[in-house]
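Listed below are the residues making up each chain.
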Amino acid sequence: MSSSSFLSSAAFFTILLVLHPGFCHVSDGAQHATYIVHMAQSQMPSGFDLHSLWYDSSLRTVSQSAQLLYTYANAIHGFSTRLTPEEADSLMTLPGVISVLPEHRYELHTTRTPLFLGLDVHNADLFPETGSSLDVVVGVLDTGVWPESKSFSDVGLGPIPSTWRGGCEAGTNFTASLCNRKLIGARFFARGYEATMGPVDESKESRSPRDDDGHGTHTSSTAAGSVVEGASLFGFASGAARGMARRARVAVYKVCWEGGCFSSDILAAIDKAIDDNVNVLSMSLGGGTSDYYRDSVAIGAFAAMERGILVSCSAGNSGPSSSTLSNVAPWITTVGAGTIDRDFPAVAVLGNGKNYSGVSLFKGDPLPDKMLPFVYAGNASNAANGNLCGPGTLIPERVKGKIVMCDRGVNARVQKGEVVKAAGGLGMILANTAENGEELVADAHLLPATAVGEKAGDIIRHYVLTDPNPTASVLIRGTVVNVQPSPVVAAFSSRGPNSITPDILKPDLIAPGVNILAGWTGSKGPTGLASDARRVEFNIISGTSMSCPHVSGLAALLKSVHPEWSPAAIRSALMTTAYKTYKDGKPILDVTTGKPSTPFEHGAGHVSPTTAINPGLIYDLTTVDYLGFLCALNYTPSQIRSVSRRNYTCDPSKSYSVADLNYPSFAVNVDGSGVFKYTRTVTSVGGAGSYSVKVNSETTEVKISVEPAVLNFKEINEKKSYTVTFTVNSSKASRSNSFGSIEWSDGKHVVASPVAISWT
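Residues numbered from 1 in each chain as written. Predicted model: local features only at pLDDT ≥ 70, side-chain atom pairs only at ≥ 80, totals over all residues. Heavy atoms only, no water.

**What to know about the sheet that holds strand S40 (residues 750-759)**
The strands making up a sheet are joined through hydrogen bonds of the backbone, oriented either antiparallel or parallel. Under the convention used in this document: Strand pairing is assigned whenever DSSP detects at least two bridges linking the two strands. Helix numbering and strand numbering both begin at the N terminus, where a helix is a DSSP run of H or I of at least 4 residues and a strand a DSSP run of E of at least 2. To get an axis, fit a line to the C-alpha atoms, keeping to the stretch in contact for a helix; angles then go from 0 to 180 degrees between the N-to-C directions.
Strand order across the open sheet formed by five strands is S33-S40-S39-S35-S37, with mixed pairing between neighbours. This sheet does not close on itself; its edge strands, each paired only once, are strand S33 (666-670) and strand S37 (710-713). Each strand of the sheet is rotated relative to its neighbour by a mean of 20°, with strand direction disregarded. Summarising the sheet, strand S35 (residues 689-697) and S37 pair through four bridges and their orientation is antiparallel. Bridge pairing in S37 links Ser 690 to Asn 712.

**Points about the state of the cysteines**
So the rule is basically this: Note on terminology: pairs of cysteine sulfur atoms within 2.5 Å are recorded as disulfides.
The full count for this structure, using the stated rule, is four disulfides. At a sulfur-sulfur separation of 2.0 Å, the disulfide partner of Cys 389 is Cys 406. Between Cys 389 and Cys 406 the sulfur-sulfur dihedral comes to about -85°; the bridge is accordingly left-handed. Taken together, the positions of Cys 389 in the loop between strand S21 (372-376) and helix H9 (396-399) and Cys 406 in strand S22 (residues 403-407) put the pair 17 residues apart, joining distant regions of the chain. Paired through a disulfide, Cys 631 and Cys 650 show a sulfur-sulfur distance of 2.0 Å.

**Some points on the UniProt feature "active site" (unreviewed entry) in the protein**
Applicable threshold: UniProt positions are given in the numbering used here, feature names are shortened, and annotations may be inferred rather than shown by experiment. Throughout this description, buried means an accessible area under 20% of the type-specific maximum (1.4 Å probe, protein chains only), exposed means over 50%, and partly exposed covers the range between.
This chain's UniProt record puts "active site" (unreviewed entry) on Asp 142, His 215 and Ser 545. Across 404 residues of sequence, these annotated residues stay compact in space, with a maximum C-alpha separation of 9.9 Å. Relative to the assigned elements, His 215 resides in helix H6 (residues 215-224). In this fold, Ser 545 is placed in helix H12 (residues 544-561). When its relative accessible area of 0% is taken as the criterion, Ser 545 is described as buried.

**Description of the packing of helix H7 (residues 263-276) against helix H8 (residues 296-306)**
Rules: When an angle is under 35 degrees it counts as roughly parallel; over 145 it counts as roughly antiparallel; between 65 and 115 it counts as roughly perpendicular; any other value is oblique. Throughout, a contact is declared for two residues whenever any of their heavy atoms are within 4.5 Å. Three residue categories are used. Nonpolar comprises Ala, Val, Leu, Ile, Met, Phe, Trp, Tyr, Cys and Pro, charged comprises Asp, Glu, Lys and Arg, and polar comprises the others, including Gly.
Viewed as axis vectors pointing N to C, H7 and H8 meet at an angle of 5°, and their least axial separation amounts to 9 Å. The angle between H7 and H8 falls in the class roughly parallel. Counting all contacts with H7, which are made through Ser 263, Ile 266, Leu 267, Ile 270 and Ile 274, the residues of H8 involved are Ser 296, Val 297, Gly 300, Ala 301, Ala 303 and Ala 304. For the contact of H7 with H8, the per-class residue count stands at eight nonpolar, three polar and no charged.

**A short note on the domain arrangement of the protein**
What counts, and what does not: Where each domain begins and ends follows an automated or database-derived domain assignment. Values labelled buried area give the accessible surface lost by two parts on being combined, using a 1.4 Å probe and summing over both.
For the protein, the domain assignment lists domain 1 (33-102), domain 2 (114-341 + 487-613), domain 3 (345-474) and domain 4 (617-621 + 662-759). Taking the mean C-alpha position of each, domain 1 and domain 2 sit 32 Å from one another. Residue-level contacts link 15 residues of domain 1 with 22 residues of domain 2. For the pairing of domain 1 and domain 2, the buried interface totals around 1,400 Å² over both sides, and the portion due to carbon and sulfur atoms is 59%. When residues of domain 1 are sorted by the area they lose upon contact with domain 2, Tyr 70, Asn 74 and Ala 75 head the list and together hold 44% of the total.

**Topic: helix H13 (residues 567-576)**
H13 sits mainly inside the fold: ten of its ten residues count as buried. Within H13 the residues assigned to the buried category are Pro 567, Ala 568, Ala 569, Ile 570, Arg 571, Ser 572, Ala 573, Leu 574, Met 575 and Thr 576.

**Points about the packing of aromatic side chains**
Cut-off, in case you're wondering: A pair of Phe, Tyr and Trp rings is counted when the ring centres sit within 6.5 Å of each other, with Trp represented by its six-membered ring. The angle between the planes then sorts it: under 30 degrees is stacked, over 60 is edge-to-face, the rest tilted.
This structure, assessed with the given rule, holds 21 aromatic pairs. With a centroid separation of 5.8 Å and 40° between ring planes, the pair formed by Trp 54 and Tyr 55 is classed as tilted. A single burial state applies to Trp 54 and to Tyr 55, both of which are buried. Between Phe 600 and Phe 739, the aromatic rings sit 5.2 Å apart at their centres with planes inclined by 90°, giving edge-to-face as the arrangement. Separated by 139 residues along the polypeptide, Phe 600 in helix H14 (residues 599-602) and Phe 739 in strand S39 (residues 738-745) bring together distant segments of the chain. The class of Phe 600 is buried, set by a relative accessible area of 6%. Through a chain of ring-to-ring contacts, the aromatic side chains of Tyr 292, Phe 302, Trp 331, Tyr 626 and Phe 629 assemble into a single cluster.

**Structural notes on the pattern of salt bridges**
For clarity, the threshold we go by: Each reported salt bridge corresponds to a side-chain nitrogen of Lys or Arg within 4 Å of a carboxyl oxygen of Asp or Glu.
Under the counting rule described, the total for this entry stands at 18 salt bridges. Arg 408 is the salt-bridge partner of Glu 439, the closest N and O atoms lying 3.6 Å from each other. Here Glu 439, found in the loop between strand S23 (427-431) and strand S24 (449-452), pairs with Arg 408, found in the loop between S22 and helix H10 (413-422); they are 31 residues apart in sequence, far enough to count as distant. The residue Lys 720 makes a salt bridge to Glu 718 at a minimum N-O spacing of 3.6 Å. Given a relative accessible area of 29%, Lys 720 falls into the partly exposed group.

**A look at the packing of H8 against helix H16 (residues 623-632)**
Running from N to C, H8 and H16 cross one another at 150°; their axes reach a closest spacing of 10 Å. The angle between the axes of H8 and H16 places the two elements in the roughly antiparallel class. Of H16, the residues touching H8 (which contributes Phe 302, Met 305 and Glu 306) are Thr 623, Tyr 626 and Leu 627.

**As for the sheet that holds strand S36 (residues 702-707)**
In space, the four strands of this open sheet follow the order S32-S34-S38-S36, with antiparallel pairing throughout. With partners counted over all chains shown, the strands left at the sheet margins are strand S32 (617-618) and S36, one partner each. As defined by bridge partners, S32 adjoins strand S34 (residues 674-684) across two bridges and the pair is classed as antiparallel. Across the sheet, Ile 618 pairs through a bridge with Thr 683, a residue of S34.

Below, the structure is given as structure tokens:
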């Protein structure tokens, strides 16, 4: 099974390639590896007319055979190439070379949501569908696009925005004529991938912007797909499918291939997207964590931010473990995942008369109208981990004609069903283990199957192992809506604290990411399995890969209404208006524990676009603020230059503090008794008004005070500052995490910031 098939068959797209916490350094097994070389643009000798000529000359100094893979002008200043470690060390000594960093490999983090988010006809007047809304361009870095999808219809759209500088690149199975007034840009980037992995295998995937995986079509149509009436997956989730910013334009940048997404290609795509003039960049990919000056996504996102481009990234699918976040730079909007109020029930019926509800997207002939023999996979296998239903582990004689119970873990959920079917099983009950708890993610299985939570799984397992003649069946129930409680934080959604900068709270917020319907490729079935010959126009999948483009599209909506807002202002509006409680006032739950979630899981809360349109106050940030943040991290001039592409010197007379970055949230790391001060500045975007502060805290061990307690604004765009003081009494401290919020309100707006207090 290819890596791409595995990624697609897993209902949520996650795989951090490496066993250690950092990125995967990629080489070809020989001495050569790809390196990204950051150059000090201003130090180009006068004898060169073009930077590319200087780069090539510098490269020739250390290697006569090396070739430039890419030259970069926007995301970074520099180039990428293949070198030996010794050549890389030699290059580092040359004038004008800031850093020589090894290639990293990233992986993908894999209709009702507009209604769930309040984007229905009743709120249509909040987001105009003429003028500026038609000029916003959402760029998506992913696996490409299936241009024939109805989600990219340009019916009703006017001319391509005059500000657009992009293009449509031809390649395998893709012509420039496939772009239109909706899909206005399509490019692909494979040089970095091919330098390490060899030529793209065009018998398996298209060397072009065409999406043979499905992930990229799903994310781009989620962000900004056109309205498609009568959309569904086999009749499940039937209705009108539409992207968040359905009138925005889409530009796709294919950077992910069967072997992964390579940082030299990602940087080249960001570089081109900046030049093309996108307004929002959506990236549902990641791969561990690293310091910002070594993180290509963070570096490219910094350059995009400077050009006024909001960058939205998936938080990762490594939950429910703590400190598992990806894409945590403060100039990136980091998005976790929650459920929506729609489900796809499928009942596990046992011979003892008990029924247990699960989920499934199976469509096909139902099971015989009778109870069937039931067997536990662990008892139908000679393999030590036979309970997991891995390929080749089941004994056909023990499963033929039976319902088989498999445990979740290790291999893809849909692959387990494929294994059961191949061995002659008629149906499957898939049980969660402790890692996934009660989280239910639906799949388009190849045979009648239902996935049940851990509690039901334990009961069913006890039955099948102890009853002398166990029997079972599976009943598929279709689609139900208005499921409560919703949202709940998904178990797979990566969690804080932020392992790179603990004083910056991440994720920023959560958005719908479980069982999401959106456009799909025509090259693969809904499971992504090679044996799946079914073809669908829409698919239902899960992951922070799905929540990220929701926020990307919502950012595009806000940009259309407030074109003057910076990326930080848009993120602030989304964060400070996010909700943390249900309509009955009870807190949003974490599906893993069944208990209230915390800011380490949900950030500022669940996105609420209809209130974000008018937040009252915003926390804005400029490039200079982020440079001060890098100074607060004690970055060297060279490291700052790697991130910011400029020669910036921290003021030795100034005291820099991460706590003073004007972020819409507060993360306090306590190492004993003391006083911690955080300064913030808010800008009125709602006009004149008087805002009073309210502090909520679940602990008495840390006193939180705000000065001043009232902010009076006389006009729009007026700025006011305040200071939050956290006073710690270590003699009372339990040294456990505690949470709260700081809310400013004028009676009309509530501008809320989450607080997370942790002990180091």
